[in-house]
Amino acid sequence: MKTFCGRANPTTGGLDWVEESEEYDYHQEIARSCYADMLHDRDRNEKYYQGIRAAVSRVKARGERVVVLDIGTGTGLLSMMAVTAGADFCYGIEVFKPMAKAAASIVQKNGFSDKIKVINKHSTEVTVGPGCKLYWRGVLNTEGCEAVPHRATIYAQVVESEHLWSWAQIRPVQVDDRTLHPPAAMKQCAGTPSVCDIQLSQVPPSAFTPIGPLCTMFSVDFSRMVSSAPCSYSCKFTVQAGGRAQVVLSWWDLDMDPSGSIVCSMAPKWTYSEPREYPWRDHWMQSVYFLPTERNVCEGEKLSLTVFHDDYSLWYNLDERSTRPCCTCQTHLVWTRPRFGELNDWQRTDSYLSALRSVLRPDSVCLSVSDGSLLPIFAHMLGAKKVQIDFYNGVRLLAIRAEQLTAADLEEERISVLIGEPYFSTSLLPWHSLFFWYCRTALARLLRPGAIILPSSATLYLLAVEFQDLWRIRAPCGTCEGFDVSPMDEMVQQSLDFRESREAEPHHLWEYPCRALTKPHPVMTFDFQQCVPAQPISSQGTLPLTGSGRCHGFALWMEYNLTEDITVSMGLTKPVGEEGECVWSPHRKQGVYFLQTPSESSGDGRTSMQYNLTFEPNTGDIKMDFSVIQP
């Protein structure tokens, strides 16, 4: 039996539904899951173990039999902790069938089959009897039972941050002696209540100014029924520093016991007095929320921060109006938060403006190929005769695919300047934006002789890296808190071998620090002056590891050559530091290819990485393979 799966198609800029084997969908789910990340989270595991021991002891102290319900058992780790702590019996609920099968295998391997039963059902389909006295991670009506964790507490802090606010609203852009202002509807739009979850530890304190103190907003007691009715909670505070209230930074803590003596905190690294004690995790992160409008506040002013939530969303406001934010300008529905930041990046904008100034002439007829781009407006403001795409005076929108465009659509004028960032909302990996190249090829018949293509080319770069923490999402666990979870490692590896281990995956590397072990290396160049070739483009080579450390894999990104002397990088934004420090663009995701087995490097260049990459014109994808060459 086959199944249809959605895959980005760089040749069409769309999402194709392709036929895959019936195993593909769940193999991909397993391969990209966070199971390993959670099991590598020692702080989380230790706190759960402490909380479970304490809860079992409390039930036993009451003279009651300890029957445990583990909702979302995953590997069965917490169930095994409960039985080891003295629980009489445990039911592990797991809705994902492959994971439930792995959990049963792990339970058997560790000798707990007589005390733990794994049930492959959704938690809402399970009936809880009166004998259940302990549960965790639950959503069931288990009134009167112990819960681990016992309570979650939400914290929030209002800050001013031009950096973070640039992800919410488009700022005015200076184009020579004119200013491009966003439409009033966009400036007045409250946006959407969707959370922006990030590794807040990578946003340095220098990037924001606290307007007020850290506020304790509300707590949820998991040992009681939680109402699904919309709720709001307020916290009054005094403004500590005048400025603009723009953004709310938020995170939460888990109290594993009723007294709050066992706490698992999701606070960012810069809240720790000793940063080395910070427990990295990617499965639970911090959040950024954007206030509906920025507000000027004065030191000493009294404010009230209110948080609202319904069944689906959570949002903040500096008044008690509970109206759920709703995007009325459409941009918050089609642009991601990083896309807002990209359009607000003045250095990047200046590069495009400089490139456009160098190629535009009074008789230029421009066509822009990008999603939600400001380039056609810039071209018009810089004096182009005609720009094709319309939401601005003098610019005309052509809601037509490139291959369907005709001379009549262009009013019988040929294109003299084809421009693109390029940016496409369907792109996941760096090379998916090569859709611009396919559009350029489809438009060849409509280009003037000697037409200018901007960017003129793109170069794919490669860098061997040692990750500070991201390696955990792919590393096998072996044992966790003394329990053998190797069947999960085997399950994940089988899914990786199905396809994923031979593919790169997208990550915002600014959130995941890494060290370069090689110099940035150009591996492929795509010449947009020419049409897409019919034959594959291949690149092979060897990279000596000149940095000492453990090579976990490779980072890949595109650099677009706008003109001969202007280049825009979608990866590294600064030269690699002396110790291998990397500074990554926060706007686009880079590709990450994890090695199946990390390789140690002494830094003397004797250990090398051999690469073999092939660009397939028929699919627009890049196949890649890497191997280690030892001295």
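Calculation rules
- Going along each chain's sequence as written, the residues are numbered from 1 onward.
- Only residues with pLDDT of 70 or above have their local features reported here, since the model is predicted, and side-chain atom pairs are shown and tallied only from 80 upward, although totals for entire chains, interfaces and linings are computed over all residues.
- For side-chain calculations, the full set of non-hydrogen atoms in the structure is used, while hydrogens and water are omitted.
- By the criteria applied, helices consist of DSSP H or I runs no shorter than four residues and strands consist of E runs no shorter than two, each listed in order from the N terminus.
- The globule rule used here is 2.2 Å times the number of residues to the 0.38 power, and the radius of gyration it is set against is calculated over C-alpha atoms.
- Buried residues are those whose accessible area, probed at 1.4 Å on protein chains only, stays under 20% of the maximum for their type, while exposed residues exceed 50% and partly exposed ones sit between those limits.
- Note on contacts: a residue pair is in contact if any heavy atoms of the two residues lie within 4.5 Å.
- Here the accessible surface of atoms and residues is derived via Shrake-Rupley with a 1.4 Å probe, and residues count as covered only by protein chains that are part of the display.
- Two residue types count as positive, namely Lys and Arg, and two as negative, namely Asp and Glu; His and chain ends fall outside the count.
- Charge positions come from single atoms, namely NZ of Lys, CZ of Arg, CG of Asp or CD of Glu.
- A pair of strands counts as paired when DSSP detects no fewer than two bridges linking them.
- UniProt positions are given in the numbering used here, feature names are shortened, and annotations may be inferred rather than shown by experiment.
- Pairs of N or O atoms within 3.5 Å make up the polar contacts considered here, provided that, within protein, one atom can donate a hydrogen while the other can accept it, and that residues adjacent in sequence are counted only when both atoms are side-chain atoms.
- Between rings of Phe, Tyr and Trp, where Trp is taken as its six-membered ring, a pair exists when centres lie within 6.5 Å; planes separated by under 30 degrees are stacked, by over 60 edge-to-face, and by other angles tilted.
- A ring is scored as having a charge over it whenever the NZ atom of a lysine or the CZ atom of an arginine sits within 6 Å of its centre and within 35 degrees of its normal.
- Residues grouped as a nonpolar core are buried Ala, Val, Leu, Ile, Met, Phe, Trp, Tyr and Cys residues, joined through side-chain atoms within 4.5 Å.
- Each axis is a line fitted through C-alpha atoms, taken for helices only over the stretch in contact, and angles between the N-to-C directions span 0 to 180 degrees.
- Note on definitions: salt bridges are taken to be side-chain nitrogens of Lys or Arg within 4 Å of carboxyl oxygens of Asp or Glu.

### Digging into the overall build of the chain
Link 1 in the chain: Regarding its fold elements, the chain presents 13 helices and 36 strands.
Link 2 in the chain: In terms of overall size, the chain behaves like a compact globule, its C-alpha atoms giving a radius of gyration of 27 Å where 631 residues would be expected to give roughly 25 Å.
Link 3 in the chain: By its C-alpha atoms, the chain is 90 × 65 × 50 Å across when sized along the principal axes.
Link 4 in the chain: Split into buried and exposed, the 631 residues of the chain put 55% on the buried side.
Link 5 in the chain: Across the chain, contacts joining residues at least 24 apart in sequence account for 75% of those joining residues at least 6 apart.
Link 6 in the chain: Total accessible area on the chain is roughly 27900 Å²; 50% of this is exposed by carbon and sulfur atoms.
Link 7 in the chain: Averaging the locations of the 58 positively and 73 negatively charged side chains of the chain gives two centres separated by 2 Å.

### Some thoughts on the pairing of strand β3 (residues 67-71)
Link 1 in the chain: Here β3 lies mainly inside the structure; five of its five residues are buried.
Link 2 in the chain: Burial along β3 is two-sided: V67, L69 and I71 facing one way and V68 and D70 facing the other are all buried.
Link 3 in the chain: Judged from the five bridges that link them, β3 and strand β4 (residues 89-93) form a sheet pairing that is parallel. The residue of β4 that forms the bridge with V67 is F89.

### Structural notes on the UniProt feature "domain: Protein arginine N-methyltransferase" (unreviewed entry) in the chain
Link 1 in the chain: The positions that UniProt labels "domain: Protein arginine N-methyltransferase" (unreviewed entry) are, in the present scheme, residues 150-319 and 457-626.
Link 2 in the chain: The annotated region residues 150-319 carries 5% helix and 45% strand content, and the separation between its end C-alpha atoms amounts to 31 Å.

### Notes on the side chain of R440
Link 1 in the chain: Looking at the secondary structure, you find R440 in helix α12 (residues 435-442).
Link 2 in the chain: Here the side chain of R440 touches F528 through a polar contact of 2.6 Å, landing on its backbone oxygen.
Link 3 in the chain: Discounting chain neighbours no more than four positions away, the residues touching R440 are L418, L447, I453, F528, Q529, Q530 and C531.

### Describing the packing of aromatic side chains
Link 1 in the chain: Per the counting criterion, the structure on display carries 24 aromatic pairs.
Link 2 in the chain: Ring centres 4.9 Å apart and planes at 70° place the aromatic pair F424 and F435 in the edge-to-face group. Highlighted residues: F424 in the loop between β23 (415-419) and α12 and F435 in helix α12, separated in sequence by 11 residues. For the pair F424 and F435, one class covers both residues: buried.
Link 3 in the chain: Ring centres of F526 and F615 lie 5.4 Å apart, and the angle between their planes is 70°; on these two criteria the pair is classed as edge-to-face. Here the residue F526 occupies a position in strand β30 (residues 521-527), and F615 occupies one in strand β35 (residues 608-616), the gap between them amounting to 89 residues. Of the two residues, F526 and F615, neither departs from the other in class, the shared state being buried.
Link 4 in the chain: Joined through ring pairs, the aromatic side chains of F436, W437, F526, F528 and F615 make up one cluster.
Link 5 in the chain: The ring of Y49 is capped by R53, whose NZ or CZ atom sits 3.7 Å from the centre of that ring.

### Concerning the nonpolar core
Link 1 in the chain: Ranked by size, the top nonpolar core spans 82 residues in total, and within it W431, L460, F526 and L613 carry the most contacts.
Link 2 in the chain: The contact partners of L460, leaving out residues within four places of it in the chain, are W431, H521, P522, V523, M524, F526, L556, W557, M558, L613 and I622.
Link 3 in the chain: Of all hydrophobic cores here, the second largest spans 43 residues; its members include M80, A152, I262 and M491.

### Re the sheet that holds β35
Link 1 in the chain: In space, the three strands of this open sheet follow the order β31-β35-β36, with antiparallel pairing throughout. Two strands lie at the open edges of the sheet, namely β31 (537-544) and β36 (621-629), each paired on one side alone. Adjacent strand axes in the sheet meet at a mean angle of 15° when their direction is disregarded.
Link 2 in the chain: Alignment of β31 against β35, held across eight bridges, turns out to be antiparallel. The residue bridging P544 from the neighbouring strand is S608, located in β35.

### Observations concerning unusual backbone geometry
Note: most peptide bonds trans; most residues except glycine with negative phi.
Link 1 in the chain: In this model, V148 is joined to P149 through a cis peptide bond whose omega is 0°.
Link 2 in the chain: The residue P149 is located in the loop between β7 (146-147) and β8 (151-160) in this model.
Link 3 in the chain: That bond from E421 to P422 is cis: its omega, -10°, falls within 30 degrees of zero.
Link 4 in the chain: In this structure, P422 sits in the loop between β23 and α12.

### Examining the pattern of salt bridges
Link 1 in the chain: All chains considered together, the criterion is met by 28 salt bridges.
Link 2 in the chain: Of the charged contacts, one joins R281 and D41 as a salt bridge, the two residues approaching to 2.5 Å between their closest N and O atoms. One end of the pair, R281, is in the loop between β16 (263-265) and β17 (286-297); the other, D41, is in the loop between α2 (35-39) and α3 (42-61), and 240 residues separate them in sequence.
Link 3 in the chain: The shortest N-O distance in the salt bridge between E162 and R171 comes to 3.0 Å.
Link 4 in the chain: By relative accessible area, which is 38% here, E162 ends up partly exposed.
Link 5 in the chain: Linked through salt bridges whose partners overlap, the residues forming this network are E160, E162, R171, R244 and E294.

### Re the sheet that holds strand β19 (residues 314-317)
Link 1 in the chain: Pairing is antiparallel in the open sheet, where three strands are placed in the order β14-β18-β19. Both edges of this open sheet fall to β14 (231-238) and β19, since each of them pairs with a single strand only. On average, each strand axis in the sheet is tilted by 20° relative to the strand beside it, whichever way the strands run.
Link 2 in the chain: The pairing of β14 with strand β18 (residues 302-309) spans eight bridges and is antiparallel. Within β18, the residue paired with C235 across the bridge is L305.

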